[in-house]
Amino acid sequence: MLIRNASLAISGKDEPLSADLRITDGRIETIAPHISGDPDFDAGGALILPGGIDPHVHFYDPGYTDKEDFAHGTAFAASGGITTVIDMPCTSDPPVSNIDNLRAKLAVVGPKAHIDFGFFGGVSRQTFDAGYRADMNGLADSVLGFKVYAVSGMDDIWGALDHWRFEQVLEHAASIGQTVLLHAEDREYVDNASEHYRREGADPEHWYRARPELAEELAVSSAIRICRRIGGNLHIVHVGSAEAAAMIARAAAGDDGAVISGETCPQYLAFGLEDFRHLGAVLKVAPPIKSPGNDEGLWKQLASGGLLFCASDHAPGAPGEKEAGDIWCNSAGIAGTGTMLPYLFSEGYLAGRLSLSQLLKASGENAARRYGLFDRKGSIEEGKDADLAVFDPDGTWNVDQEAFLSKGTLSPFHGRMFAGALMKTIVRGVTVWDREKGLVGPAGHGQLITRGGRA
Ligand SMILES: [Zn+2]
């Protein structure tokens, strides 16, 4: 494939590079001012970004495919310029808690994937007690990290870890060169506050009061302390509190041998408690949307690298689950993997909150570096996978949830107009989504990505 007249977004540069680009065998072979030959398309100066990496999705496959599956999830991601996703371990049946389960899952989801994908393994209270070390060792070469929960919404099947168990897992992960990802909300706070506020009512406010900023800050603070004590490797997922983000940024800058990082999500950057009051369950996520002012602190940390990157935490509910009755029984989570990059492009880059190089870090480069994929993914360089998201910076996109390729068709961004319009998504040299034609890439094109290379 030969692309003429591209404006390429290059890692570390705030001005795009005008060049032609030749792709051979799925890789970027040449970037040069002029490459001779017949072009497959003339980009006409459109801005070409490295394909986005969404390092936190729940595609529920196999097991809970009434909510989402790999075909719909990866198609929706592609429609938003994402070329690699990393799927969470606990929202499928079987969960990715050992290598046999991973193989069983891969056999089901691999043939459905339109874009590349990696897996996180996980350790729950249940799998910890069943002998977690051998399971982690077995998964170590096939997963990009291990997810654990400080508080869990699925305690009966995938329980949270207490401080001591968390420390053991962190210590073992470090000994096998692996990262632990933590859902950080303080269990004791959340359990007790939930019990109280359930009796008080069933409005968005009550869900927020049961797990406010402080619940997150307590858990982040404890986790950082434990991680520093043992020199562990910790990543905090879906941070919504600006104060928690600042704690992570300070810990990340420390030189005590521990590796500590964090991510946030578009929903925490875009919305506050007022929006949650208006939108209700559509914006119910766990951890909840925070009070006003946190968004500014999160943008600041994302721009400075105090928070390493953005993730969607894509987790749609099955039909009816988000409107099940009241705020306590409506399912948590949003369909977000297809809106993340267009949101960051519009409200981050074009709105001036992120420079071009900061946009690249937030939308893929830093995730690729953090999870050991940067030799193949996360930037436009000769020799790397030709994973590209082609944007028309002068276009617009009116977010229409009815048109989502996901099984989830409820979005808090519905009706919003984003500046910039995605034109094409290319995964290893194959166009998988096109603005005019929609989904054009075949299922099964996506490959499993591991730290050591493709499986
Ligand atoms: Zn999640």
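Data block above holds the structure.
These numbers were taken from a predicted model, which means no experiment stands behind them.

Draft legend 1. Region of interest: the packing of helix H9 (residues 242-252) against helix H12 (residues 294-304). Between H9 and H12, the least distance of the axes is 8 Å, while the angle of their chain directions is 25 degrees. Classed by the angle they form, the pair H9 and H12 counts as roughly parallel. Relative to H12, the crossing made by H9 is left-handed. Across the interface between the two elements, Ala 242, Ala 245, Ala 246 and Ala 249 from H9 touch Asn 294, Gly 297, Leu 298 and Gln 301 from H12. A per-class count over the contact of H9 with H12 returns five nonpolar, three polar and no charged.

Draft legend 2. Just the coordination of the zinc ion, in detail. Distances from the zinc ion to its protein donors, His 56 (NE2), His 58 (NE2) and Asp 313 (OD), fall within 2.1 Å. Binding-site remark: the zinc ion is held by donors from one chain whose sequence spacing is H-x1-H-x254-D. For His 56, a relative accessible area of 0% gives the class buried. Look at His 58 and you get buried, because its relative accessible area is 6%.

Draft legend 3. Just the nonpolar core, in detail. Leu 49, Phe 166, Val 169, Leu 182, Leu 234, Ile 236 and Leu 344 are the most contacted members of the largest nonpolar core, which totals 97 residues. Counting residues per element, this core draws most heavily on helix H8 (residues 213-230), which supplies six residues. The residues touching Val 169, leaving out its near neighbours within four places in the chain, are Val 123, Phe 128, Tyr 132, Met 136, Val 148, Leu 161 and Val 180. In this structure, Ala 46, Ile 48, Ala 386 and Val 390 belong to the second largest nonpolar core, which totals 18 residues.

Draft legend 4. Quick look at the pattern of salt bridges. Counted under the stated rule, the structure contains 27 salt bridges. The salt bridge involving Arg 165 is made with Asp 129; its shortest N-O contact spans 3.1 Å. Remark: Asp 129 occurs in helix H3 (residues 125-129) and Arg 165 occurs in helix H5 (residues 163-175); sequence separation between them is 36 residues. Residue Asp 434 pairs with Lys 424 through a salt bridge whose shortest N-O separation is 2.9 Å. Residue Asp 434 is found in strand E17 (residues 430-434), and its partner Lys 424 is found in strand E16 (residues 417-427); the two are separated by 10 residues along the sequence.

Scoring rules and cut-offs
Residues numbered from 1 in each chain as written. Predicted model: local features only at pLDDT ≥ 70, side-chain atom pairs only at ≥ 80, totals over all residues. Heavy atoms only, no water. Axes fitted to C-alpha atoms, helices over the stretch in contact; angles between N-to-C directions. Helix = DSSP H or I, 4+ residues; strand = E, 2+ residues; numbered from the N terminus. Parallel < 35°, antiparallel > 145°, perpendicular 65-115°, else oblique. Left-handed = near helix turned anticlockwise from the far one by under 90°. Contact = heavy atoms within 4.5 Å. Nonpolar A, V, L, I, M, F, W, Y, C, P; charged D, E, K, R; others polar. Donors = N, O, S within 2.8 Å, 3.2 Å for Na, K, Ca; no water. Buried < 20%, exposed > 50% of the residue type's maximum accessible area, 1.4 Å probe, protein only. Core = buried A, V, L, I, M, F, W, Y, C linked by side-chain atoms within 4.5 Å. Salt bridge = Lys/Arg side-chain N within 4 Å of Asp/Glu carboxyl O.

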